[in-house]
Amino acid sequence: MGRKKSIKTLLMLAENGDINAQYELGVRYRSGDGVEISRERQFYWFGIAANGGHTEAKLAFGMCYYHGKGTIVDLEKAFYWFNEAAQEGLDLAQSITASFYEEGKFVEKDLKMAFYWYLMASEQNHLYSLHRVGLMYRDGKGVEKDVEKAIYYLEKSAKMGHEYSVHALEKCYKIRNS
């Protein structure tokens with residue numbers, strides 16, 4: 001493992017455009033690691049890194065907007081940044097984007113888009129997304145109903161420890177056996 005950079009070094013790198021240093025400063029200001037926790041500085045550095053193209057910073061910047069950390073709550077901007085990170089393949093961002101579509105949170109409710117993003121995240125074994133894909137297959141929401149595919153995804157998430165998948169599987173087995 002490499003030595004952790006000092007705040008002074010990170011600031012110098014960040015001010016010279018290093019998006020990894022900018023992201024790391026956001027993380028440090030969020031956690032208080034070597035600096036006093038500052039929601040405003042967290043928001044600032046995540047924003048600089050996100051606008052510079054740092055994928056994880058895009059998710060973190062979206063979270064700032066979603067939770068009002070260092071800024072006001074703004075679901076439009078939160079969704080924008082979650083979607084940006086989702087398109088770059090970040091599984092958590094894909095799952096969050098899916099939930100926006102599933103719940104009609106800020107965006108128009110679109111179960112097909114919700115399914116698509118949960119499926120993308122499930123391909124990376126994102127636990128919650130595996131569960132949601134299984135339920136959507138079971139119930140035919142956003143996708144054609146397919147109990148066998150539901151069982152596949154729910155078994156996978158249950159084996160990974162998602163307890164609600166165990167209960168959902170019972171319902172699938174009853175459907176399959178009826």
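Just so we're clear, the structure is a prediction, and the values are computed from it rather than from any experiment. (Residues numbered from 1 in each chain as written. Predicted model: local features only at pLDDT ≥ 70, side-chain atom pairs only at ≥ 80, totals over all residues. Heavy atoms only, no water.)

### A word on the overall build of the chain
When helices and strands are counted, the chain shows ten helices and zero strands. When the helices and strands of the chain are listed from N to C terminus, the series reads α-α-α-α-α-α-α-α-α-α. Based on the C-alpha atoms only, the size of the chain along its principal axes is roughly 65 × 40 × 25 Å. For the chain, buried positions account for 46% of its 178 residues. Across the chain, contacts joining residues at least 24 apart in sequence account for 41% of those joining residues at least 6 apart. Taken as a whole, the chain presents about 9800 Å² of accessible surface, with 50% of it coming from carbon and sulfur. Mean positive and mean negative side-chain charge positions of the chain (24 and 24 charges, respectively) differ by 4 Å. (Helix = DSSP H or I, 4+ residues; strand = E, 2+ residues; numbered from the N terminus. Buried < 20%, exposed > 50% of the residue type's maximum accessible area, 1.4 Å probe, protein only. Contact = heavy atoms within 4.5 Å. Areas by Shrake-Rupley, 256 points an atom, 1.4 Å probe, with all protein chains shown as cover. Lys, Arg positive; Asp, Glu negative; His and termini not counted. Charge placed at Lys NZ, Arg CZ, Asp CG, Glu CD.)

### Notes on the nonpolar core
By size, the foremost hydrophobic cluster in this structure holds 46 residues, and its most contacted members are Tyr 23, Phe 46, Leu 59, Phe 61, Phe 115, Val 133 and Tyr 137. Beyond its immediate chain neighbours, meaning those up to four positions away, Val 133 contacts Phe 115, Tyr 118, Leu 119, Ser 122 and Tyr 153. Counting eight residues, the second largest nonpolar core, distinct from the first, contains Ile 7, Ala 14, Tyr 29 and Val 35. (Core = buried A, V, L, I, M, F, W, Y, C linked by side-chain atoms within 4.5 Å.)

### Things to note about the packing of aromatic side chains
Summed over the entire model, instances satisfying the criterion amount to 18 aromatic pairs. When the ring of Phe 115 is compared with that of Tyr 137, the centres are 5.1 Å apart and the planes differ by 80°; the resulting orientation is edge-to-face. Residue Phe 115 is found in helix α7 (residues 111-122), and its partner Tyr 137 is found in helix α8 (residues 127-139); the two are separated by 22 residues along the sequence. Each member of the pair, Phe 115 as well as Tyr 137, is classed as buried. Taken together, Tyr 66, Phe 79, Phe 82, Phe 100, Tyr 101 and Phe 106 form an aromatic cluster joined through their ring pairs. Seen from the ring of Phe 100, Lys 105 lies directly overhead, with NZ or CZ sitting 5.3 Å from the centre. (Phe/Tyr/Trp six-rings, centres within 6.5 Å; stacked < 30°, edge-to-face > 60°. Lys NZ or Arg CZ within 6 Å of the ring centre and 35° of its normal.)

### A short note on the side chain of His 162
By the secondary structure assignment, His 162 is in the loop between α9 (147-159) and α10 (163-177). With residues near it in sequence (within four places) discarded, His 162 still touches Leu 127, Tyr 128, His 131 and Ser 157.

### A closer look at helix α4 (residues 55-67)
Relative to the 18 Å expected for 13 residues at 1.5 Å per residue, α4 spans 19 Å between its end C-alpha atoms, a close match to the ideal helical length. Every buried residue belonging to α4 is among Thr 55, Ala 57, Lys 58, Leu 59, Ala 60, Phe 61, Gly 62, Cys 64 and Tyr 65, and all of these are buried. Elements in contact with the buried residues of α4: α2 (19-31), α3 (39-51), α5 (75-87) and α6 (91-103). Of the residues one or two after α4, Gly 68 is the one with positive phi, at around 70°. (Expected span 1.5 Å × (residues − 1).)

### Quick look at α10
The end-to-end C-alpha separation of α10 is 22 Å, in line with the 21 Å expected for 15 residues at 1.5 Å each. Looking at the packing, one finds that the buried side of α10 touches α8 and α9.

### Examining the pattern of salt bridges
The final tally for this structure, using the stated rule, is eight salt bridges. The residue Glu 88 makes a salt bridge to Lys 58 at a minimum N-O spacing of 2.3 Å. Highlighted residues: Glu 88 in the loop between α5 and α6 and Lys 58 in helix α4, separated in sequence by 30 residues. By relative accessible area, Glu 88 is classed as partly exposed at 38%. The network of salt bridges with shared partners includes Glu 24, Arg 28 and Asp 33. (Salt bridge = Lys/Arg side-chain N within 4 Å of Asp/Glu carboxyl O.)

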